[in-house]
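Understanding the architecture of this molecule
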Amino acid sequence: MTISVPQVEIKKGLDEVYVKKTRISWIDGQNGKLYYRGYSIEDLAKHSTFEETAFLLWYGRLPKRDELSKFKSTLVSFRWIPDELVDLMKRVPRKAHPMDILKIGIAAAATYDPELEDMSSIANIRKAMRILAKAPTIIAAWHRIRNNQDPVEPTNDLDHAANFLYMLNGEKPDELSSRIMDVALILHAEHGMNASTFAAMVTASTLSDIYSAVVSGISALKGPLHGGANERALRMIMEVGSPENAESYVLRKLAKKERIMGFGHRVYKAYDPRAKILKEYARMLCEKKGDMRLYETAIKIEEVVLRELSRKRIFTNVDFFSGIVYHHLGIPSDLFTTIFAMARIVGWTGHVLEYWSENRIIRPRALYVGELDKKYLPIDERCTSPEERLEFIGK
Ligand code: SDX
């Protein structure tokens, strides 16, 4: 029997497929603009804080002073992680990637949450706050453990971003570093239906718990085509080493059809507005450190890539300059994607909460183009021609 294959369009990568309506953010890809709940990312980066932005993204409006103060103190109270979780992390191989530790940490934290199975809105938002508050503690604790140092306890007298740098480096950060870290978290908090947000939403659509949805988001974000690009972009800039090497390096990669990390975007067909802000912070931090080499090399790489690819609507994205910023904040490159994740917990959980308000399990189709009604042969009658021989998968 042969099946009549229906005439359907396969939307590769779900390009231009809309899965829900949202009021959380809007990306104007043609003009390189980004809005969180109607506020431009430029205004939020200039005037807001990560905690205030998280409140805005979750609740849909800017908080009043007393609301923000209560929101922040609640987040602070959720920062601590159980000693057993620290012990668990001490048992993991030191070479583990921090994104894998974050998955383990969030999944383990779920088992301590008394409201894990409570799917009421208030319980779900409290769980989202616990995850948001604990992620930096898990990441910083892992960095200390893998360096055979004791984790640094969270403080309750530093804001979210500054507390992370304190737990990571064991000393309170200066004003500029705190502010730049805070803005970097604002810039990475939310970005519509990107791969990791969609992954979180697919998990949530089955009415699994919000911790599981975040673990799905972390897993998707790890990939080099998504959040993993920032770590690789800095590695590339360091590998190029100087502005003089940029042209030949980029042309060689493009000739081999290799992708340049930190460039291109499914939605932005213009310069990523977040990259503009991070580019300026990268310049400031390099100037402050008295070493412009990384920045000047990055600028030259960008110049060549834009000259070669802007006609294909490929421009700089959020991941190109963020690595230089984090590097000069004293953050090791294999932690960069975990910083992206600790901010994007807001976007992942925000979209999950919004989707749950009109939930429907996400279940697309795949178009079958295989064979049908094949005759089952006893094992000794199954001859395979040499070209059919499969690479034997057993050991
Ligand atoms: C993030 O979705 C989001 O919002 C993500 C994000 C967020 O905040 O959540 O913004 C964060 O993930 C930013 C992107 C980080 N990734 C990278 O920097 C990795 C490099 N970029 C690419 O791999 C790519 O641009 C993607 C994955 C970001 C987008 O891929 P698309 O939209 O599926 O585009 P494509 O793979 O179909 O490429 C179209 C063409 C291809 O050439 P042709 O085969 O048509 O000749 O553009 C080329 C690609 O080869 N191309 C690149 C390129 N990106 C696309 N060529 C060289 N270098 C690149 N970076």
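Numbering of residues starts from 1 in every chain and runs along the sequence as written. Given that this is a predicted model, residues contribute local features only at a pLDDT of at least 70 and side-chain atom pairs are listed and counted only at 80 or more, while totals for whole chains, interfaces and linings are drawn from all residues. Heavy atoms throughout the structure, all of them, feed into the side-chain values; hydrogens and water do not.

By size, the foremost hydrophobic cluster in this structure holds 119 residues, and its most contacted members are Ile106, Phe164, Met181, Ile301 and Ile331. Secondary structure elements are taken from DSSP: a helix is a run of H or I of four residues or more, a strand is a run of E of two residues or more, and numbering for both begins at the N terminus. Looking at this core element by element, the count peaks at 13 residues for helix α6 (residues 121–146). Contacts: residue pairs with any heavy atoms within 4.5 Å of one another. Every residue in contact with Met181, bar those within four places of it in the chain, is listed here: Ala161, Phe164, Leu165, Tyr326, Leu329, Ile331 and Ile339. Think of a nonpolar core as a cluster: buried Ala, Val, Leu, Ile, Met, Phe, Trp, Tyr and Cys residues, connected wherever their side-chain atoms sit within 4.5 Å. Think of it in three bands: with a 1.4 Å probe and only protein chains considered, a residue is buried below 20% of the maximum accessible area for its type, exposed above 50%, and partly exposed in between.

Residues Ile3, Val5, Tyr368, Val369 and Leu372 make up a contiguous nonpolar surface patch of roughly 430 Å² in combined accessible area. Looking at the secondary structure, you find Val369 in the segment after α16 (336–356). Excluding any residue in a salt bridge, patches collect residues exceeding 30% relative accessible area, merging like charges within 9 Å and nonpolar Val, Leu, Ile, Met, Phe, Trp and Tyr side chains within 5 Å. What sets the accessible areas is the Shrake-Rupley method with a 1.4 Å probe; for residues, cover comes only from the shown protein chains. Any Lys or Arg side-chain nitrogen found within 4 Å of a carboxyl oxygen on Asp or Glu counts as a salt bridge.

Quick look at the packing of aromatic side chains now. Any two of the Phe, Tyr and Trp rings considered here, Trp counted by its six-membered ring, make a pair once their centres fall within 6.5 Å; the pair's planes then place it as stacked at under 30 degrees, edge-to-face at over 60, or tilted in between. Under the counting rule described, the total for this entry stands at nine aromatic pairs. Taken together, a centroid distance of 5.8 Å and an interplanar angle of 15° make the contact between Trp26 and Tyr35 stacked. A relative accessible area of 51% means that Trp26 is categorised as exposed. A residue is classified by how much of its surface remains accessible, and Tyr35, at 23% relative accessible area, is partly exposed. Here the aromatic rings of Phe320 and Phe321 are separated by 4.9 Å at their centres, their planes lie at 75°, and the arrangement is edge-to-face. A connected cluster of aromatic rings, assembled from ring pairs, spans Phe55, Trp58, Tyr59 and Phe71. Note on geometry: a ring has a charge over it if NZ (lysine) or CZ (arginine) is within 6 Å of the ring centre and within 35 degrees of the ring normal. Lys172 extends its terminal NZ or CZ atom over the ring of Tyr166, reaching a point 5.9 Å from the ring centre.

What follows deals with the layout of surface pockets. Lining residues are those with an atom within 4 Å of a point, where the points come from a 1 Å grid over the protein atoms alone and group into cavities, where a 1.4 Å probe fits but cannot get out, or pockets, open sets with protein on both sides within 12 Å along at least five of seven lines. Grid points are joined across faces, edges and corners, and a volume is the space filled by probe spheres set on the points. Estimated volume of the second largest pocket: approximately 310 Å³. Val8, Ile10, Arg365, Ala366 and Leu367 are the residues nearest the centre of the second largest pocket, which is lined by 14 residues in total. Three classes are used: nonpolar for Ala, Val, Leu, Ile, Met, Phe, Trp, Tyr, Cys and Pro, charged for Asp, Glu, Lys and Arg, and polar for all others, with Gly counted as polar. Taken together, the residues of the lining of the second largest pocket sort by class into 10 nonpolar, one polar and three charged.

We now examine the pairing of strand β2 (residues 33–36). Only one face of β2 is covered, namely the one carrying Leu34 and Tyr36; the face carrying Lys33 and Tyr35 has none of its residues buried. A strand pair is defined by DSSP finding two or more bridges across the two strands. Between strand β1 (residues 25–28) and β2, which follow one another and run antiparallel, lie four residues, and Gly32 among them has a positive phi close to 60°. The sheet contact formed by β2 and strand β3 (residues 39–40) spans two bridges and is antiparallel. Note on β3: the bridge partner recorded for Tyr35 is Ser40.

The next subject is the site of the ligand. A cutoff of 4 Å decides nearness: a residue is near a molecule or strand if any of its heavy atoms lies inside that distance of it. In the vicinity of the ligand there are 24 residues, among which His191, Arg259, His265, Arg274 and Arg344 approach most closely. Between His191 and the ligand, the recorded distance is 2.6 Å, taken from a side-chain N or O atom to an oxygen atom. Phe263 has a polar backbone atom sitting 2.8 Å from a nitrogen atom of the ligand. Out of a free accessible area of 1,100 Å², the ligand has 74% covered by protein chains. Within the shell around the ligand, the residues separate by chemical class into nine nonpolar, seven polar and eight charged. Domain start and stop positions are those given by an automatic or database domain assignment. Split by domain, the shell around the ligand shows at least three residues from each of two domains, domain 1 (32–228 + 336–356) and domain 2 (230–327). Contacts described as polar in this section are N or O atom pairs within 3.5 Å, which, within protein, must combine one atom able to donate a hydrogen with one able to accept it, while residues neighboring in sequence count only if both atoms come from side chains.

This next bit is on the domain arrangement of the protein chain. Domain annotation for the protein chain reports domain 1 (32–228 + 336–356) and domain 2 (230–327). Using only C-alpha atoms to locate each centre, domain 1 and domain 2 end up separated by 26 Å. Across the boundary between the two partners, domain 1 contributes 27 residues, which contact 25 residues of domain 2. By buried area we mean how much accessible surface two parts lose on assembly, using a 1.4 Å probe and totalling the loss over both. Both faces combined, the contact of domain 1 with domain 2 buries some 2,100 Å², and carbon together with sulfur accounts for 66% of it. Three residues stand out in domain 1 for area buried against domain 2, namely Ile180, Leu187 and Phe336, and they jointly supply 29% of the buried area on that side. Linking domain 1 with domain 2 are one salt bridge.

Neither His nor the chain ends is counted toward charge; the positive residues are Lys and Arg and the negative residues Asp and Glu. In this description, the location of a charge corresponds to atom NZ of lysine, CZ of arginine, CG of aspartate or CD of glutamate. Taken together, the side chains of Asp83, Glu84, Asp87 and Glu153 make up a negatively charged region of the molecular surface. The exposure class assigned to Glu153 is exposed, which follows from its relative accessible area of 52%.

Orientation is described by lines fitted to C-alpha atoms, with helices fitted over the stretch in contact, and by angles between N-to-C directions that extend from 0 to 180 degrees. Packing of helix α2 (residues 50–59) against α6 leaves a shortest axis separation of 13 Å and a crossing angle of 150°. In terms of orientation, α2 and α6 fall into the roughly antiparallel class. Judged by the sense of rotation from one axis to the other, the crossing of α2 with α6 is right-handed. Residue-level inspection shows Phe50, Ala54, Trp58 and Tyr59 of α2 in contact with α6, the latter providing Ile125, Ala128, Met129 and Leu132. To sort the angles, those under 35 degrees are grouped as roughly parallel, those over 145 as roughly antiparallel, those from 65 to 115 as roughly perpendicular, and the leftovers as oblique. With the far helix as reference, a near helix turned anticlockwise by less than a right angle produces a left-handed crossing, and one turned clockwise produces a right-handed crossing.

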